[in-house]
Amino acid sequence: MLGECLENVRKKHLLIHSITNYVTANDVANCILASGAKVIMADAEEEVEEITALSAGLCLNLGTLQKSKISSMKLAGLKAKSLQHPVLLDPVGVGGSLLRTNTALDIMHEIHPDVIRGNISEIKALFLGRENVSGVDVNQMDCVCEESLSACVLFIKRCASAYGGIIVASGAIDLVSDGDVCYVIHNGKKEMGCVTGTGCQLSGLMTAFVASNMNHMLESVAAAVCTMGIAGEIGYQHLAPFEGNATYRNRIIDAIYHMDKTILEGKAKYEIR
Amino acid sequence: MLGECLENVRKKHLLIHSITNYVTANDVANCILASGAKVIMADAEEEVEEITALSAGLCLNLGTLQKSKISSMKLAGLKAKSLQHPVLLDPVGVGGSLLRTNTALDIMHEIHPDVIRGNISEIKALFLGRENVSGVDVNQMDCVCEESLSACVLFIKRCASAYGGIIVASGAIDLVSDGDVCYVIHNGKKEMGCVTGTGCQLSGLMTAFVASNMNHMLESVAAAVCTMGIAGEIGYQHLAPFEGNATYRNRIIDAIYHMDKTILEGKAKYEIR
Amino acid sequence: MLGECLENVRKKHLLIHSITNYVTANDVANCILASGAKVIMADAEEEVEEITALSAGLCLNLGTLQKSKISSMKLAGLKAKSLQHPVLLDPVGVGGSLLRTNTALDIMHEIHPDVIRGNISEIKALFLGRENVSGVDVNQMDCVCEESLSACVLFIKRCASAYGGIIVASGAIDLVSDGDVCYVIHNGKKEMGCVTGTGCQLSGLMTAFVASNMNHMLESVAAAVCTMGIAGEIGYQHLAPFEGNATYRNRIIDAIYHMDKTILEGKAKYEIR
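The paragraphs below set out a description of the structure included in this document. (Residues numbered from 1 in each chain as written. Chains lettered and ligands numbered in written order. Predicted model: local features only at pLDDT ≥ 70, side-chain atom pairs only at ≥ 80, totals over all residues. Heavy atoms only, no water.)

So, on to the relation of the copies chain A and chain B. Once turned by 120° and shifted 0.0 Å along the axis, chain A lies on chain B with an RMSD of 0.0 Å. The symmetry that links the two subunits is that of a three-fold axis. By C-alpha distance to the rotation axis, the residue of chain A lying nearest is Tyr22(A), at 3.3 Å. Little of the interface of chain A is mirrored in chain B: 14% of its interface residues are interface residues there too. (Least-squares fit on C-alpha atoms with pLDDT ≥ 70 in both. Contact = heavy atoms within 4.5 Å.)

Here is the structure:
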């Protein structure tokens, strides 16, 4: 199933509309191109609805947020929803400022993105305090690791259930849940954290996967997470001793470019809880 | 002649003012530096005229267009024209939104850039419907390939003639025309399409070539196209089997960095129709 | 001492707030991550004070300046100062437009950054004409090289003394002064000038060094300059003959990633005047 999700991305060659930050935009674009999908980045209020209408999926990323971008995100989001395009929210830095927190919560309320992907702190910033989600000990959940895994799985399931959509918490272990089940994914390398924008790239890639697999959203989200994590593993193997995070950045995207069904299914390490 | 154009870029070391999108700005800058020219990116209304006055050529790129950038582009464009600096327009995504289409047409009308460079769809979006340009079967012109070549050459010649400037349509085959003749250029690799911003880079590079060869504009535009295409061929040869589009991005710019008259003239594949 | 400064960056793992240009933002982020510090880029007026409060140092870079960013820089700068966070100003392109010159001078006046880093032309644009700084022959100071070294050292010392902060003039030879002494640093390669944003990267890196070594600001600034220069030397050695400025960009950051006390202290070439 995971491999089929990737093959659909390559076969359908869909256009993804990305409203994103200027720090990692280039890598996000190359990451989406590496998957076989196409990408357009456009964030002017005057054109986002037209651009979204040409596209098959929308990725909203809150990095380097600006007030003018917020209305663009909402306009594009409403248009995408009206066309049954999948929408993904990457709440970069949410919890770090009121602007980001309020924008993320507004988008969740007004657009209801199909998928929300962040690290565990960002997901906590969005959901803690909400009813139906509390009742787990959040203090042990600073990161998703073996010690905190059970608590985190429960928390992410409850978030997804309360929200009514797919929630992804990225970290040393990645969690993907629709409220019923939770993929616990063990791919990836900790050194990916030294490359700026691997999270943004994953969100872009995930939007391409979801748009290309609308009947299997949850599986396609898990497939995108596995693809990124495996690319991190393969890319790391190809690093020479003197190569560091800048070359690693390229190697990860290169590995996505060469990913196929066999590699993906052979190397994916996950369980469903 | 092509080689001489490149040598002039390296010798004159001119400053190019680029008003461009945030997705590919870094690669455009490194591409221009690789050619031996210098680059400054500045898009604030308050300063673009001063920056253009310090420069020798202006490149206007419509990617990630914002309303505030439009007036900056016009101010810079008028200043550049008043100083006899060459101006190039890259109408990224024109046809995809009214904002981009209207902006491109306004700039053509108010600034009259010396060179317009886009893919065949973008050129069609700008020129179809105009008198003197119609009369060719545009349905077969989705891409510039062997089957559609005669029709495309005729179309681009008519566009250039009607416009009164140089028109470049990039694709599997690249076309460069001033209305009288048309360079048909066969360099490049289809894999360049998997690297975001190769078109933007070509536009930046082309501005450096034109500014450095003001008495041979048409030849310098063709030389820039050949340089980029050959760099794509050389860069591709240097890719290891595990390297993909992210490393390819670097290899193309690296090959421009090492391009010289001998390589350029030895590998250029073009005919003049 | 230089090596200890680097070790503090790696050990303290501080968050740096960078308000910067969109051309080189990605490389600046990866450069800061390579040093062991963390980075957040945020420039919206509504959130910069909160983001700065979460951070340990602030880097203000005037590239692709926009009016809306100026108030953000001032708000963040005042907040950083009120929290005793170090602030660095990189006056990119100052002298090239009134907007940049006035903004740099305003920031110097209103925020008084602890460190100002630019090339010699930028430093001249900021300080010439000021009392206590004149009296040196500036015509021979187009670049910092052996011929102009004595004049440049005197000039930078006087700038730093008149300003009451640390001034860094980057070039073939780098100068770092607090008004009393001047580090004259001979690391680096001239080919770094063909990579866009090495100056911006150095400013980001330097902010991480200063924030991690608040009791040894001058030494930490010199350590950052040596780190960048040595990384340029090591990265250059690893280039294959066909690799150019794009790969070099990655190799420099890679070398920072692998830099340690032994390499830094073994390869640093400087004298104190």
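Moving on, there is more to tell.
Glancing now at the relation of the copies chain C and chain B. Overlaying chain C with chain B gives an RMSD of 0.0 Å, the required rotation being 120° about an axis along which the chain moves by 0.0 Å. By residue overlap, the copies meet through two different surfaces: only 15% of the interface positions of chain C are interface positions in chain B.

This part is about unusual backbone geometry. Residues and elements named next belong to chain C. Positive phi values are uncommon outside glycine, yet Gln84 reaches one of about 60°. Assignment of secondary structure puts Gln84 in the loop between helix 4 (67–82) and strand 4 (87–90). For Gln84, a relative accessible area of 61% puts it in the exposed group. The phi dihedral of His112 is positive, around 50°, even though this residue is not glycine. Tracing the backbone through its elements, the reader meets His112 in the loop between helix 5 (98–110) and strand 5 (115–119). (Helix = DSSP H or I, 4+ residues; strand = E, 2+ residues; numbered from the N terminus. Buried < 20%, exposed > 50% of the residue type's maximum accessible area, 1.4 Å probe, protein only.)

Okay, the interface of chain C and chain B next. At the junction of the two partners, chain C supplies 27 residues and chain B supplies 28 residues. Contact between chain C and chain B buries roughly 2400 Å² in total, counting both sides, with carbon and sulfur atoms accounting for 49%. The largest per-residue losses of area from chain C upon contact with chain B belong to Tyr22(C), Phe242(C) and Asn245(C), which jointly make up 26% of the total buried on that side. Glu47(B) is the partner of Arg100(C) in a salt bridge, and the nearest nitrogen-oxygen pair spans 2.9 Å. Counting every contact that joins chain C to chain B gives 18 residue pairs in polar contact (both at pLDDT 80 or more). Those elements giving two or more residues to the side of chain C that touches chain B turn out to be helix 5 and helix 10 (245–258) of chain C. When residues of the side of chain C that touches chain B are assigned to their parent elements, the largest contribution, 5 residues, is made by helix 10 of chain C. Across the side of chain C that touches chain B, the residue classes tally to 10 nonpolar, 11 polar and 6 charged. (Buried area = accessible area lost by both parts, 1.4 Å probe. Salt bridge = Lys/Arg side-chain N within 4 Å of Asp/Glu carboxyl O. Polar contact = N/O pair within 3.5 Å; in protein donor to acceptor, adjacent residues only side chain to side chain. Nonpolar A, V, L, I, M, F, W, Y, C, P; charged D, E, K, R; others polar.)

Before going further, it helps to examine the interface of chain A and chain B. Counting residues at the interface gives 28 residues for chain A, matched by 27 residues for chain B. On inspection of chain A and its partner chain B, the count reaches 3 salt bridges. Put simply, chain A and chain B have 19 residue pairs in polar contact (both at pLDDT 80 or more) between them. Among the elements of the structure, helix 2 (25–35), helix 3 (48–54) and helix 10 (245–258) of chain A are those that each provide at least two residues to the side of chain A that touches chain B. For the side of chain A that touches chain B, the class distribution of residues is 12 nonpolar, 7 polar and 9 charged.

The subject of this paragraph is the nonpolar core. Of all hydrophobic cores here, the largest spans 175 residues; its most connected members are Val176(A), Met206(A), Val176(B), Met206(B), Val176(C) and Met206(C). Filtering out sequence-adjacent residues up to four positions away, Met206(A) remains in contact with Leu88(A), Val115(A), Arg117(A), Val168(A), Val221(A), Ala224(A) and Val225(A). Ala104(B), Ile107(B), Phe127(B) and Val144(B) belong to the second largest nonpolar core, which has 41 residues in total. (Core = buried A, V, L, I, M, F, W, Y, C linked by side-chain atoms within 4.5 Å.)

Spanning 14 residues, helix 10 of chain A covers 20 Å between terminal C-alpha atoms, matching the ideal 20 Å at 1.5 Å per step. For helix 10 of chain A, every residue scored as buried is listed here: Asn245(A), Ala246(A), Thr247(A), Tyr248(A), Arg249(A), Asn250(A), Arg251(A), Ile252(A), Ile253(A), Asp254(A), Ala255(A) and Ile256(A). (Expected span 1.5 Å × (residues − 1).)

Moving on: the state of the cysteines. Inspection of every chain in the model, using the stated rule, returns 0 disulfides over all chains. Not part of a disulfide, Cys31(A) finds its nearest cysteine sulfur in Cys59(A), a span of 10 Å. The class of Cys31(A) is buried, set by a relative accessible area of 0%. Not part of a disulfide, Cys5(B) finds its nearest cysteine sulfur in Cys226(B), a span of 10 Å. Taking the relative accessible area as the measure of exposure, Cys5(B) reaches 0% and is therefore buried. (Disulfide = S-S within 2.5 Å.)

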